[in-house]
Structure formats: C-alpha cells, structure tokens
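Overview (structure and organization)
This is what each chain is made of:
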Amino acid sequence: MSVKHDVIDVRVSKRILWFGSEAYPLPNITRTNTLKWEPNRPVAIRRFVISTLAWLFAASIVATATPGGLSAIVFVGVVAWRVYRLVKLIEFLNLTLYELVIETAAGSNRGLVSADGQVVTDLSFRITDAINNPHAEFQQQVNIVQNGGEMFHVSGSNNVGKAYK
C-alpha cells in the first residue's frame, strides 16, 4: 500500500463545509461518523513470512544454477529486498488511521483520513455543532493520509464505481 501525507484546509463558512475545494452545504449533511482503521496484523505477518520464504527459495534455486559471483549477488539482492519489505511491514503494523465520514441527504458521502484521532473527533463535533448553529464558523488545517494507488467508490447494492488518482 502506497500512502501519501498531505495537508487539507477544512472550514465552515456561511453554512458551507469546505474540504479543500469541495463544498457541502451544512443543511444537506445528515450524519457525521468517525471510524478507526487498524491493520490486520496476523494476515500481514503471515503474508510477509510466506513471501519471504518463497523469495528465499527462488533465490536459492537461482544461486545453485548460476556461477559463483552472480549467485551471491542474486542472494544478497533478495535479502536486501526482504529487509526493505520488513521495514515497510513494520511501518504498516504501527499505522492506525482515523476517518471522518460525512453523509449527505443525496446519499453520497465523503471521507477524510488522518493519523490523528483527536483531530478527527474534534472535526466531527465542530461540524455537528455548525449544523445546529447558523453562526458557527471555523477553519483548520488537517494532516491527511491518502492511498497512493487506485481509489474505489462503492455505494448502493451491487453498484461499484472506480476512479483513478
């Protein structure tokens, strides 16, 4: 999973909620929700161990089929690759994300994902307060986390849409 960190400006002004350049009228917001996302640690560890064993097995087959110096280079390359993947696995296992989900009356929703759970909870309360308080206004910059790969939107029963970033 490729993860990018970015900063987004979240604000409420004149009864409009802004996520960067996206605008949502506050009267159309029907619900806010916060979710906590933690990695499936046992599955990630199991996949890493299995793939490491497969890579080492493949490297040993290549090492026995190639002459001296080249086999050592192949084996060192595979070990270096697995060490790099181990570092990435440790980063993944320590990652806990929090999502603020905004649902609208039209049935659409918008998520904002951050590694800071307190910021997400605070935003949820501030947006809910702004829905009930016509004079409420605020502006806050939020460090968000984005998936660097494909982004999938799923809504309704048996409907799947796919958007690329």
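Because the structure is predicted, anything quoted here is derived from the model rather than measured.

**A few points about the packing of helix H1 (residues 41-65) against helix H2 (residues 68-93)**
At a minimum axis separation of 9 Å, H1 and H2 run at an interaxial angle of 175°. Classified by the angle between their axes, H1 and H2 sit roughly antiparallel to one another. Between H1 and H2, the contacting residues are Arg41, Ala44, Ile45, Phe48, Ser51, Thr52, Trp55, Leu56, Ala59, Val62 and Ala63 on the first element and Ser71, Val74, Phe75, Val78, Val79, Trp81, Arg82, Arg85, Leu86, Leu89, Phe92 and Leu93 on the second. Taken together, the residues of the contact of H1 with H2 break down into 17 nonpolar, three polar and three charged.

**A closer look at unusual backbone geometry**
Of note in the backbone geometry, lysine 14 takes a positive phi value of approximately 55° without being a glycine. With respect to the helices and strands, the residue lysine 14 is situated in the loop between strand S1 (3-13) and strand S2 (16-19). One non-glycine residue, arginine 15, adopts positive backbone phi at about 65°. The topology assignment puts arginine 15 in the loop between S1 and S2. Judged by its relative accessible area of 24%, arginine 15 is partly exposed.

**What to know about the side chain of arginine 110**
Looking at the element boundaries, arginine 110 is found in strand S6 (residues 109-114). Overall, arginine 110 belongs to the buried group, its relative accessible area being 16%. Residues contacting arginine 110, with those up to four places away along its chain left out, are Ile8, Phe19, Glu22, Tyr24, Leu100, Val101 and Ile102.

**Quick look at the sheet that holds S6**
What the three strands build is an open sheet, ordered S4-S5-S6; its pairing is antiparallel. The open sheet terminates on both sides in strands that have one partner only, identified here as strand S4 (29-37) and S6. The average angle at which neighbouring strand axes cross in this sheet is 15°, direction not considered. Pairing of strand S5 (residues 97-104) with S6, which is carried by six bridges, proceeds in the antiparallel orientation.

**Comments concerning H1**
Taking 1.5 Å as the rise per residue, H1 with 25 residues should run 36 Å; its terminal C-alpha atoms sit 36 Å apart, in good agreement. Against H2 lie the buried residues of H1.

Conventions and cut-offs
- Residues numbered from 1 in each chain as written.
- Predicted model: local features only at pLDDT ≥ 70, side-chain atom pairs only at ≥ 80, totals over all residues.
- Heavy atoms only, no water.
- Axes fitted to C-alpha atoms, helices over the stretch in contact; angles between N-to-C directions.
- Helix = DSSP H or I, 4+ residues; strand = E, 2+ residues; numbered from the N terminus.
- Parallel < 35°, antiparallel > 145°, perpendicular 65-115°, else oblique.
- Contact = heavy atoms within 4.5 Å.
- Nonpolar A, V, L, I, M, F, W, Y, C, P; charged D, E, K, R; others polar.
- Buried < 20%, exposed > 50% of the residue type's maximum accessible area, 1.4 Å probe, protein only.
- Pairing = 2+ DSSP bridges.
- Expected span 1.5 Å × (residues − 1).

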